[in-house]
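Fold and geometry: a report
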Amino acid sequence: MNGKKTTMVVFSGDLDKALAAFIIAIGSAAMGNQVSMFFTFWGLNIMRKDQVVNVKKSWMDKTFGWLLPRGPEKLGLSKLHFAGLGPIMMRRVMQKKNVATLNELIQMALELDIKLIACTMSMEVLGIQKEELIDGMEFAGVATYISEANDGNINLFI
């Protein structure tokens, strides 16, 4: 580590923005920077497990769970979504050009010790429980992000 720190708020749950966030985070970590990614609101969908996790939820929390995409493979694009065809086309092009998938980028981030922090307030609002997110996540509120960002040399909002 070189003593530099990169932080980012991952607010968007769009595939293209998620890819960009992880590529930047991995690039920064590869340069020796300490990296923290704070997932809030729609960004939490990136980190949801693909399979349904049976946890006790209220009716409203279950509704959010049904309506929100479950994991990286279900994310749409911010532009050119084309009723779901856009993400399929994007994934095919990425595969053809040997670009890492979002799942592979998430795994790389974990291997590089990038902090993946889920916003507990957003989890509460959206009815997402810890068990529904991938292993390796940390859980904290906005004060943790602000503390990390105060020490950061690079702070991004995606």
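Residues numbered from 1 in each chain as written. Predicted model: local features only at pLDDT ≥ 70, side-chain atom pairs only at ≥ 80, totals over all residues. Heavy atoms only, no water.

The chain appears in an unreviewed UniProt entry as DsrE/DsrF/DrsH-like family protein from Laceyella sacchari.

Here we look at the nonpolar core
Generally speaking, nonpolar side chains in soluble globular proteins are found buried as a group. Phe22, Met37, Phe39, Ile46, Met47, Leu102 and Ile114 are the most contacted members of the largest nonpolar core, which has 34 residues in total. Counting only elements with at least two residues in this core, the list comes to strand E1 (5-10), helix H1 (15-30), strand E2 (34-39), helix H4 (102-111), strand E3 (115-119) and helix H5 (120-126). Per-element accounting of this core gives the leading share, 8 residues, to H1. Not counting chain neighbours up to four residues away, the residues in contact with Ile46 comprise Val10, Ser12, Gly13, Ala18, Phe22, Phe39, Gly71, Pro72, Leu75, Leu102 and Ile106. Formed by 7 residues, the second largest nonpolar core is a distinct cluster that contains Phe38, Cys119, Tyr145 and Ala149. (Core = buried A, V, L, I, M, F, W, Y, C linked by side-chain atoms within 4.5 Å. Buried < 20%, exposed > 50% of the residue type's maximum accessible area, 1.4 Å probe, protein only. Helix = DSSP H or I, 4+ residues; strand = E, 2+ residues; numbered from the N terminus. Contact = heavy atoms within 4.5 Å.)

Topic: the UniProt feature "transmembrane region" (unreviewed entry) in the chain
Mapped onto the present numbering, the UniProt feature "transmembrane region" (unreviewed entry) falls at residues 20-44. The annotated region residues 20-44 carries 44% helix and 24% strand content, and the separation between its end C-alpha atoms amounts to 15 Å. (UniProt positions renumbered as here; feature names shortened; annotations may be inferred.)

Here's the deal with the packing of aromatic side chains
In the structure shown here, the tally under the stated rule is 4 aromatic pairs. With centroids separated by 5.8 Å and ring planes inclined at 25°, the aromatic side chains of Phe11 and Phe157 adopt a geometry described as stacked. In this pair, Phe11 is assigned in the loop between E1 and H1 and Phe157 in strand E5 (residues 154-157), connecting sequence segments 146 residues apart. According to the relative accessible area criterion, Phe11 is partly exposed, its value standing at 32%. Among the residues examined, Phe157 registers a relative accessible area of 59% and is labelled exposed. A connected cluster of aromatic rings, assembled from ring pairs, spans Phe11, Phe41 and Phe157. (Phe/Tyr/Trp six-rings, centres within 6.5 Å; stacked < 30°, edge-to-face > 60°.)

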